[in-house]
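# Structural features, examined
Next come the chains, spelled out residue by residue.
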Amino acid sequence: MKTALIGGGQGCRAVLELFLQGRLDILDMEILAVVDINPIAPGMILAGEHGWLTLSSISDALVLEGLECVIELTGSQAVLEQIYRQLPPGVRVMDHVMARVFWDLEKISIKQGAQLEEKAILEKKLALEHAELREIMDTIPDMVIVLDREMRIERINRR
């Protein structure tokens, strides 16, 4: 989805960082341009560092070849209205309220990463405890058999 980001502030920078980290890959998004009247806005600087087109005019962004989506990150109703007035047919708009989905995706990603890390730790701990139990059972000089409720052998020591 060929996209222009309108508003080069902190929100834009955060979206660009998510994009650069690959956390927005699921959206199959291609950034065509970042627009802000302030050339030293955080998102504008990051965009320039990574070779994305930076513009000072919304009008210039809305005529970019292949543009499919505009993400408005300014929070300004006047900017949003200007976008809608000049919007080419077929181009979708995501306003700053809907753009929260990016941060929601990031939170989900972080939470899933933490859960996967916790699961790996628990699996490792369980494997160590299983090995300890096996070692303890194998050092018992008598024969030990552990049965399940159906009287099937679950464990047996070396004896």
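This text gives an overview of the structure that appears in the document.

Cut-offs used in this document
- Starting from 1, residues in each chain are numbered consecutively following that chain's sequence as written.
- Local features in a predicted model are, by the rule used here, given only for residues with pLDDT of at least 70; side-chain atom pairs are given and counted only at 80 or more, and totals for whole chains, interfaces and linings are based on all residues.
- Derived side-chain values reflect all non-hydrogen atoms in the structure, with water molecules and hydrogen atoms excluded from consideration.
- To qualify as a helix, a DSSP run of H or I must reach at least 4 residues; to qualify as a strand, a run of E must reach at least 2; elements of each kind are numbered from the N terminus.
- A radius of gyration in this sense is built from C-alpha atoms; the matching globule rule multiplies 2.2 Å by the number of residues raised to 0.38.
- Any residue under 20% of the maximum accessible area for its type is buried, any over 50% is exposed, and the rest in between are partly exposed; the area is computed with a 1.4 Å probe on protein chains only.
- Using a 1.4 Å probe, the Shrake-Rupley method yields the accessible areas, and only the shown protein chains count as cover for residues.
- For the purpose of charge, His is not counted, nor are the chain termini; Lys and Arg are scored as positive and Asp and Glu as negative.
- Here the site of a charge means NZ on Lys, CZ on Arg, CG on Asp, or CD on Glu.
- Paired rings are identified among Phe, Tyr and Trp, the last through its six-membered ring, by centres lying within 6.5 Å, and are further divided according to the angle between planes into stacked (under 30 degrees), edge-to-face (over 60) and tilted (the rest).
- Nonpolar core, defined: a set of buried Ala, Val, Leu, Ile, Met, Phe, Trp, Tyr and Cys residues in which side-chain atoms within 4.5 Å join the residues together.
- Here a residue-residue contact requires only that any non-hydrogen atoms of the pair lie within 4.5 Å.
- Here, a salt bridge means any side-chain nitrogen of Lys or Arg that lies within 4 Å of a carboxyl oxygen of Asp or Glu.
- When we speak of the arc, we mean the arc of directions from the helix axis to the C-beta atoms.
- Here the rule is simple: two strands pair whenever DSSP picks up at least two bridges between them.

Here we come to the overall build of the chain. Helices and strands together make up the secondary structure of the chain, namely 5 helices and 7 strands. Starting at the N terminus, the α and β elements of the chain follow one another as β-α-β-α-β-α-β-α-β-α-β-β. Rg of the C-alpha trace for the chain: 28 Å, well past the compact-globule value of 15 Å for 159 residues, more than 25% over. Its C-alpha atoms put the chain at 85 × 30 × 25 Å along the principal axes. Out of the 159 residues belonging to the chain, those deemed buried represent 29%. Counting every atom, the chain has about 10,600 Å² of accessible surface; 55% of that belongs to carbon and sulfur. Across the chain, the centroid of the 17 positively charged side chains sits 8 Å from that of the 25 negatively charged ones.

Okay, the packing of aromatic side chains next. Scanning the entire structure with this criterion turns up 1 aromatic pair. Between Phe-19 and Trp-52, the aromatic rings sit 5.6 Å apart at their centres with planes inclined by 65°, giving edge-to-face as the arrangement. Taken as a pair, Phe-19 in helix α1 (residues 10-20) and Trp-52 in the loop between α2 (42-49) and β3 (53-55) lie far apart in primary sequence, 33 residues in all.

Glancing now at the nonpolar core. By size, the foremost hydrophobic cluster in this structure holds 19 residues, and its most contacted members are Leu-5, Leu-16, Ile-31, Val-34, Ile-71 and Leu-73. Ranked by residue count, the leading element in this core is α1, at 5 residues. The residues touching Leu-5, leaving out its near neighbours within four places in the chain, are Cys-12, Val-15, Leu-16, Ile-31, Ala-33, Val-34, Val-35, Ile-71 and Leu-73. Of all hydrophobic cores here, the second largest spans 14 residues; its members include Ala-4, Leu-55, Leu-62 and Leu-67.

A few words now on the pattern of salt bridges. Going through the model one piece at a time under the given rule, you end up with 6 salt bridges. Between Lys-119 and Glu-123 there is a salt bridge, with the nearest N and O atoms lying 3.9 Å from each other. In this pair, Lys-119 and Glu-123 both sit in helix α5 (residues 100-139), 4 residues apart, roughly one turn of the helix. The partly exposed category is assigned to Glu-123, whose relative accessible area is 46%. The partner of Arg-158 in a salt bridge is Asp-138, and the shortest N-O contact between them spans 3.3 Å. You can see Arg-158 sitting in the segment after β7 (153-156) and its partner Asp-138 sitting in helix α5, a full 20 residues away along the chain.

This part covers α2. Among the residues making up α2, those that are buried are Gly-43, Met-44, Leu-46 and Ala-47. Viewed along the axis of α2, the buried residues span an arc of 165°, placing them on a single side of the element. At its buried positions, α2 is contacted by α1, β2 (30-35) and β3. Just past α2, the residue Gly-51 takes up positive phi, approximately 80°.

Here strand β4 (residues 69-72) shows a buried face lined by Cys-69 and Ile-71 and a second buried face lined by Val-70 and Glu-72. Bridge count between strand β1 (residues 2-6) and β4: 4 bridges; the pairing is parallel. Paired with Leu-5 across the strands is Ile-71, a residue of β4. As defined by bridge partners, β4 adjoins strand β5 (residues 92-94) across 3 bridges and the pair is classed as parallel. Residue pairing for β5: Ile-71 is matched across the bridge by Met-94.

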